[in-house]
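Topology and contacts: notes
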Amino acid sequence: PLSGSEGSVLDPVVAIRCRITLEPHQSITLDFVSGVGASIGAAMGLIERYQDRHIADRAFDLAGTHSNITLCQINATESGSHLYRRLAGAILYASAALRADGAVLRQNQRGQSGLWGYSISGDLPILLLKIASSTHIELARQLIQCHAYWRLKGLVVDLVIWNEDHVGYRQVLQDQIMGLIATG
């Protein structure tokens, strides 16, 4: 039996158990929907509402339609959205493996206020792309699209594209980047 306990823990989890017995060759359709209500009464109202199979089916259909419209708005694909969600995990649950080396971080003498001159508040997570040539412009396009997808989903981050073009005329790459931003 589950303990039914609650409280502050290191790894919180919600567990729901529902026993289902199937006869041989029998099948069922089981939908799992999670939601949040402002009160227990509101949550119970949602539970009652979505127990109606037709309403639940309609909600799933509308969610799929909304997702497709979102992807069309930013000209993204379903496989792109999977990638963007995986990248969001790296933003929300930062890994030390993705951070700069400690020696690089210690060189920073300016702090958060040093970002302000670049119109970066430092209050949001920062996704940094360093690009040195037009051969990597597709990566910039993908990250701009990813940034738009995240914003539509409510994840707000600062996307910083650092132009490191040292070879040719720097303005060409800068114009390409700005064009992507304008159309993205």
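What this report covers is the structure whose coordinates are included nearby.

Calculation rules
- Residues numbered from 1 in each chain as written.
- Predicted model: local features only at pLDDT ≥ 70, side-chain atom pairs only at ≥ 80, totals over all residues.
- Heavy atoms only, no water.
- Salt bridge = Lys/Arg side-chain N within 4 Å of Asp/Glu carboxyl O.
- Helix = DSSP H or I, 4+ residues; strand = E, 2+ residues; numbered from the N terminus.
- Buried < 20%, exposed > 50% of the residue type's maximum accessible area, 1.4 Å probe, protein only.
- Pairing = 2+ DSSP bridges.
- Right-handed = clockwise from strand over helix to strand, strands pointing away.
- Core = buried A, V, L, I, M, F, W, Y, C linked by side-chain atoms within 4.5 Å.
- Contact = heavy atoms within 4.5 Å.
- Axes fitted to C-alpha atoms, helices over the stretch in contact; angles between N-to-C directions.
- Left-handed = near helix turned anticlockwise from the far one by under 90°.
- Nonpolar A, V, L, I, M, F, W, Y, C, P; charged D, E, K, R; others polar.
- Disulfide = S-S within 2.5 Å.

1. Points about the pattern of salt bridges
Taken as a whole and assessed by the stated rule, the structure comprises 3 salt bridges. Across the salt bridge formed by R53 and D57, the nearest N and O atoms sit 3.6 Å from each other. With R53 and D57 both in helix α2 (residues 53-73) and 4 residues apart, this pair spans about one turn of that helix. R53 gets classed as partly exposed once you look at its relative accessible area, which sits at 39%. By relative accessible area, which is 29% here, D57 ends up partly exposed. For E164, the salt bridge is made with K130, and the minimal N-O distance between the two is 3.9 Å. Residue E164 is located in the loop between β2 (158-163) and α6 (170-183), and its partner K130 is located in strand β1 (residues 126-131); the two are separated by 34 residues in the primary sequence. Using a relative accessible area of 23% as the deciding quantity, one classes E164 as partly exposed. Judged by relative accessible area, which is 48%, K130 ranks as partly exposed.

2. Brief notes about the pairing of β2
Alignment of β1 against β2, held across 6 bridges, turns out to be parallel. When the bridges of β2 are listed, L127 appears paired with L159. For the handedness criterion, the β-α-β arrangement of β1, helix α5 (residues 137-153) and β2 is classed as right-handed.

3. Looking at the nonpolar core
Ranked by internal contacts, the top residues of the largest apolar core, which has 22 residues, are Y84, I131, I137, A140, Y149 and W150. No other element matches α5, which puts 8 residues into this core. Those residues in contact with I137 that lie beyond four places of it in its chain are I131, L173, Q176, I177 and L180.

4. Structural notes on the packing of α2 against α5
Across the interface, α2 lies against α5 with an axial gap of 10 Å and an inter-helix angle of 140°. Note that α2 runs across α5; the crossing there is right-handed. Across the interface between the two elements, T70, L71 and Q73 of α2 pack against Y149, L152 and K153 of α5. Looking at the contact of α2 with α5 residue by residue, the classes come out as 3 nonpolar, 2 polar and 1 charged.

5. Here we look at unusual backbone geometry
The backbone of H25 shows a phi angle near 70°, a positive value even though the residue is not glycine. Residue placement: H25 occurs in the segment before α1 (40-50).

6. Re the state of the cysteines
Tallying each qualifying case throughout the model produces 0 disulfides. C146 supplies the cysteine sulfur nearest to C72, a cysteine that is in no disulfide, at a spacing of 18 Å. On the basis of relative accessible area, C146 is assigned to the buried category, the value being 1%.

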